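Structure at a glance
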Amino acid sequence: MSHTQNKIKMKKYFLISQVVSLLFLFPVFTNAQEKVLLKTNLLGWSMGNLNIDLEFPVSPYVSVGLGGSYNPWQYMSSQRLQHLILRPEARYYPCRVFRKYFFGLQGLYGVFNAGGLNIPFFSLKEKRYIGTLWGTSVIGGYQFPIGKHWSFESLIGIGYIDTRGKLYELPRCGNLIGRKTASYLGITDVALSFIYVFN
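What comes next concerns the included structure. (Residues numbered from 1 in each chain as written. Predicted model: local features only at pLDDT ≥ 70, side-chain atom pairs only at ≥ 80, totals over all residues. Heavy atoms only, no water.)

Formed by L37, Y93, V97, F98, F102, I139, L155, A191, I195 and V197, the largest nonpolar core amounts to 10 residues. Per-element accounting of this core gives the leading share, three residues, to strand β8 (residues 176-198). With sequence-adjacent residues up to four places away left out, V97 is seen in contact with P57, S59, P60, Y61, V62 and S63. If you look at the next biggest cluster of nonpolar residues, it comprises nine residues, including I85, F112, A114 and Y129. (Core = buried A, V, L, I, M, F, W, Y, C linked by side-chain atoms within 4.5 Å. Buried < 20%, exposed > 50% of the residue type's maximum accessible area, 1.4 Å probe, protein only. Helix = DSSP H or I, 4+ residues; strand = E, 2+ residues; numbered from the N terminus. Contact = heavy atoms within 4.5 Å.)

As for its position among the elements, N51 is in strand β2 (residues 50-57). One polar contact links the side chain of N51 to the main-chain amide nitrogen of N41, over a distance of 2.6 Å. (Polar contact = N/O pair within 3.5 Å; in protein donor to acceptor, adjacent residues only side chain to side chain.)

By the criterion of burial, strand β1 (residues 36-41) is predominantly enclosed, with five of the six residues buried. As judged from the six bridges shared by β1 and β8, these two strands associate in the antiparallel manner. Of the residues in β8, the one forming a bridge with N41 is S193. (Pairing = 2+ DSSP bridges.)

Attention shifts here to the pairing of strand β3 (residues 62-71). Here β2 runs beside β3; their pairing, made up of eight bridges, is antiparallel. In the sheet register, I52 faces β3, and the bridge partner there is G68. Between the end of β2 and the start of β3, which pair antiparallel, lie four residues. Sheet topology places β3 next to strand β4 (residues 80-92); 10 bridges connect them, and they run antiparallel. For L66, the partnering residue across the bridge sits in β4 and is P88.

As structure tokens, this is what we get:
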């Protein structure tokens, strides 16, 4: 295993440990706050991304949250869009927390291993790209209840993402092509989330 792959593996373990730590703190949040939301993005599941989010209030109009997305799958032949991503965020609800419209800021950090795909503006048809990514976005959306403990949310994020890593030839264990840095400005998140409300 290459030095770069070892570094990516260590970063992946670090990110997993942060998610696990948050889940251990979850009972504290549920006891300390009026409501805590446990969410999952249905659009993410449709693309094979295992994902979960937690959100809890810090004032009558402001909430903070942390989401995670993990894709371990390899598709046909050498096609893959494997990643582990964390998304911390802060939201402001003009009406009241967890009600109707909201807007806020979202951070993004993760590791990825992508290859064999025709990604818009960055073709990886004959290459594999391994590295890290970070970014920030402005988010907005709408949340509405569908029951005492159930809710639904739509969200869109627009912002900037920076990726840094190494390009390799396909298939797996191909020769190193070189280092690659790429930037993206545009839509960074789209979500239709199903929510369970703890209160």
